[in-house]
Amino acid sequence: MMRYLKYIILLLIFPFYTIHGNAQDFIPEDSLKNKSFSELKDSFYSKLETAKKDAAKQIANFKINKAKKEHNIEAIANSYILLHFIANNMTNATKYIDSAISISKTNNLDKILHESYIHKGVLNSLKGQPEQALSYYIKARDFFKDQKGEFYNKTQHYIASFKLHIGAYREAADIFKENSMFDYETSQYNDPNCTKLTALYTLGLAYIGLKKHDSATIVFNEGAQLSSIKNYGYYTPTMFRKEEAGNQFARGNYKVAKKSIVKVIPYFVKRNLNPDLAECYFYLGKINNHNRNFKKATDYYKKLDSLYKISGYLIPEFRDAYKGILDYYKTKGDTEKELYYTNRLLTIDSIINKEFTLLVQKLHKDYDTKNLIAQKDRLLKKQRNNSVIYYVIFSILLIIAVIGFVFNFYNRKKDQKKFLKLVHSNHQVKPKISSQSFKNDSLEINDEIIRRILGELTNFETKKGFLNKKITLSTLSKKLKTNPKYLSKIINTHKHKTFRNYVNDLRINYILDCLKNDSKFKKYTVKAISEEAGFSNPESFTKAFKKQTELTVSYFLKKMNQSA
């Protein structure tokens, strides 16, 4: 699995380092005067994305001049970021970004500062300084991690690219997958399709490293199709076809891989894309070596070495090429060339060991270890929070338990007093005839009728007519030779309760008297007692008992048996 780190880093956010051409599209200055700084920035990126660098340069220069005239520090810092994209060389691009960093630091422009760190990291990567690049990416990531937005995903992408570069394919793929789920439609910098192409490209490379070749093929084919819509700079159908050729090579389909590689080589030669061309020569060398055509394999390996001298492009896999050349000249007995390529291999080994060892250490120290520490801190904080929550819950439950205990204790005392009062008092409902005149206009009933009915009710109570289960207002009124309306009114007025409550209270008083004076009643079940009292079912009895005595039947029976 192969990929040059500089080219992986080719800007998920700003793929303009790879723009080809310089379309002429000058803008009348009058059309820029009334634009806000935000509108100028948007216009800049729009022109730059369509490869109109002259127009983009014109907008960037206009913006910084306007910002300086108006003493708008934030706009000045942002203008330096714009200018670094259209700089003529790496030195000037670095100078502009350094200016943006300096102004942002001085004026506490945190967001612009950390955005500048991203670009500083890209520049360092393009200059072949991966360790420095990683330092800036990590700074930017740490700032944007709480925002979990576009810039955070970009810095995560760059860090994942380093992981891909050093062979940490699973970790890289996890980040690329996470980033691929982010909605870039709102991106303020470039076409969402370009961002998607970057995700597809790097995810496909990670799949190759994980030997998920079918998944890689699907991803690369999707990328080739999407990139054919328009010019997306570096991400072209040819690039995806080259990576798919590498995928076929990795799975051992050498004929298919060779055919595709031969087709894409002219594209890279024409555009001087030496890193990609070096990869193609490496594949062809490996394929010829597999076919035991060692002379041709060596020729391709030597082409790779020539490109390395020009571009400085080196990845660990290329060591096999130098080893192949050395082995070839050993078999030929060419001592001079054998010595030369032995020295070349030693040089390559020292560079690979230095660069990759430092990079791995840097990743572990500044990224992986920091993430583990952050994870540990989160777990400890969660543990502390849980402890607090558990303590609060325990305290609340304890308080509730104490309150419940006190409340229960208080209720038991109250119930005990109620029980004793019931047991030691003559708890009976007696007819209380009012001594006042029975003339009552509100009842609209003759006084004699009222006196007669009250007398009949006294007789009803004495003879325990209420124990009849079938007693109703209607049946009792017939028995008393009156009508239900009169009987109901008299009971409401003189007994101060409804007919139902009047009958139920009589029944409860009867049961209380029986329980206190008849020992056999204490052994009755609730159902048996309710039937003795004239209730139609135990539920009605227990409800009526609780209402009058404020005690449950079971509690009363229990206390009666304890006191027996």
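So, how was this worked out
Residues numbered from 1 in each chain as written. Predicted model: local features only at pLDDT ≥ 70, side-chain atom pairs only at ≥ 80, totals over all residues. Heavy atoms only, no water. Helix = DSSP H or I, 4+ residues; strand = E, 2+ residues; numbered from the N terminus. Buried < 20%, exposed > 50% of the residue type's maximum accessible area, 1.4 Å probe, protein only. Contact = heavy atoms within 4.5 Å. Areas by Shrake-Rupley, 256 points an atom, 1.4 Å probe, with all protein chains shown as cover. pLDDT = per-residue confidence, 0-100. Salt bridge = Lys/Arg side-chain N within 4 Å of Asp/Glu carboxyl O. Expected span 1.5 Å × (residues − 1). Axes fitted to C-alpha atoms, helices over the stretch in contact; angles between N-to-C directions. Parallel < 35°, antiparallel > 145°, perpendicular 65-115°, else oblique. Left-handed = near helix turned anticlockwise from the far one by under 90°. Nonpolar A, V, L, I, M, F, W, Y, C, P; charged D, E, K, R; others polar. Core = buried A, V, L, I, M, F, W, Y, C linked by side-chain atoms within 4.5 Å. Phe/Tyr/Trp six-rings, centres within 6.5 Å; stacked < 30°, edge-to-face > 60°. Lys NZ or Arg CZ within 6 Å of the ring centre and 35° of its normal. Polar contact = N/O pair within 3.5 Å; in protein donor to acceptor, adjacent residues only side chain to side chain.

Along the backbone of the protein chain there are 25 helices and zero strands. Residues counted as buried form 46% of the 564 residues belonging to the protein chain. Pairs at least 24 residues apart make up 66% of the contacts formed inside the protein chain by residues separated by at least 6 positions. When the accessible area of the protein chain is evaluated, it comes to approximately 29500 Å², of which 52% is carbon and sulfur surface.

This brings us to the confidence of the model for the protein chain. Summing up the model confidence of the protein chain, the mean pLDDT is 78 and the portion of residues at 70 or higher is 76%. Taking the mean pLDDT of every element in the protein chain, the minimum, 43, falls on helix α1 (residues 5-8) and the maximum, 93, on helix α14 (residues 254-270). Here residues 1-23 scores under 50 on pLDDT; set against residues more than four positions off or in separate chains, the count is 114 contacts. Confidence drops under pLDDT 50 across residues 429-441; counting only partners more than four residues distant or on other chains, this segment forms 23 contacts.

Evaluation of the coordinates by the stated rule reveals 14 salt bridges. Here E243 ties to K242 by a salt bridge, and the two come within 3.1 Å at their closest N and O atoms. Exposure remark for K242: the relative accessible area of 1% places this residue in the buried category. The partner of K242 in a salt bridge is D276, and the shortest N-O contact between them spans 2.9 Å. On the criterion of sequence distance, the pair formed by K242 in helix α13 (residues 237-250) and D276 in helix α15 (residues 274-290) is long-range, its members being 34 residues apart. Salt bridges linked by common partners bring K242, E243, D276 and E279 together as one network.

Let us look at α13. Since the α-helix advances by 3.6 residues per turn, residues separated by three or four positions end up pointing in the same direction. Compared with the 20 Å implied by 1.5 Å per residue over 14 residues, the 20 Å span of α13 between its first and last C-alpha is a close match. Most of α13 is tucked away, with 12 of its 14 residues classed as buried. Residues P237, T238, M239, F240, K242, E243, E244, A245, G246, N247, Q248 and F249 constitute the buried set of α13. Immediately downstream of α13, the backbone of G252 shows phi near 90 degrees, a positive value.

Running from N to C, helix α5 (residues 73-85) and helix α7 (residues 110-126) cross one another at 15 degrees; their axes reach a closest spacing of 11 Å. Compared by their axis directions, α5 and α7 come out roughly parallel. Where α5 crosses over α7, the handedness of that crossing is left-handed. Each of E74, A77, N78, I81, H84 and F85 in α5 lies in contact with α7, whose residues at this interface are I112, E115, S116, H119 and L123. In terms of residue class, the contact of α5 with α7 is built from five nonpolar, four polar and two charged.

Turning our eyes to something else, we now look at the nonpolar core. If you look at the biggest cluster of nonpolar residues, it comprises 61 residues, and the most contacted ones within it are F240, F268, L304 and F318. With 47 residues, the next largest nonpolar core counts L32, I64, I86 and Y137 among its residues.

Applying the stated criterion to the full structure yields 20 aromatic pairs. Taken together, the ring pairs connect F249, Y254, F282, Y283, Y301 and F318 into an aromatic cluster. Above the ring of F37, the side-chain terminus of K66 is found at 4.9 Å from the ring centroid. Across the ring face of Y96, the terminal group of K95 is positioned such that the distance to the ring centre comes to 5.6 Å.

Within α5, 11 of the 13 residues are buried, leaving the element largely enclosed by the surrounding structure. Within α5, burial applies to A75, I76, A77, N78, S79, Y80, I81, L82, L83, H84 and F85.

The next subject is the environment of N537. Mapped onto the elements of the fold, N537 is located in the loop between α23 (526-532) and α24 (538-549). According to the relative accessible area criterion, N537 is partly exposed, its value standing at 25%. Along the chain, N537 and V526 lie 11 residues apart, while their C-alpha atoms are 9.8 Å from each other. In this structure the side chain of N537 is engaged in a polar contact, spanning 3.3 Å, whose partner is the side chain of S536. Polar contacts involving the side chain of N537 include one to the main-chain amide nitrogen of E539, which spans 3.2 Å.

Below, the discussion takes up the side chain of N274. Its location among the elements puts N274 in helix α15. For N274, a relative accessible area of 16% puts it in the buried group. What N274 contacts, discounting residues up to four positions off in sequence, is L307, I310, S311 and Y313.

Taken N-terminus to C-terminus, the directions of α14 and α15 make an angle of 150 degrees; their axes are 9 Å apart at the nearest point. Classified by the angle between their axes, α14 and α15 sit roughly antiparallel to one another. Handedness of the α14/α15 crossing: left-handed. Note on element contacts: α15 touches α14 through D276, L277, C280, Y281, Y283, L284, I287 and H290, opposite Y254, A257, K258, I261, V262, V264, I265, F268 and V269. Looking at the contact of α14 with α15, its residues break down into 14 nonpolar, one polar and two charged.

Backbone phi values are negative for most residues with the exception of glycine, while trans is the configuration of most peptide bonds. If you check the backbone angles, H71 has positive phi at about 55 degrees while not being a glycine. Of note, H71 is situated in the loop between α4 (53-69) and α5. Accessibility expressed as a relative area gives 66% for H71, which makes it exposed. Unusually for a residue other than glycine, K211 sits at a positive phi of about 65 degrees.

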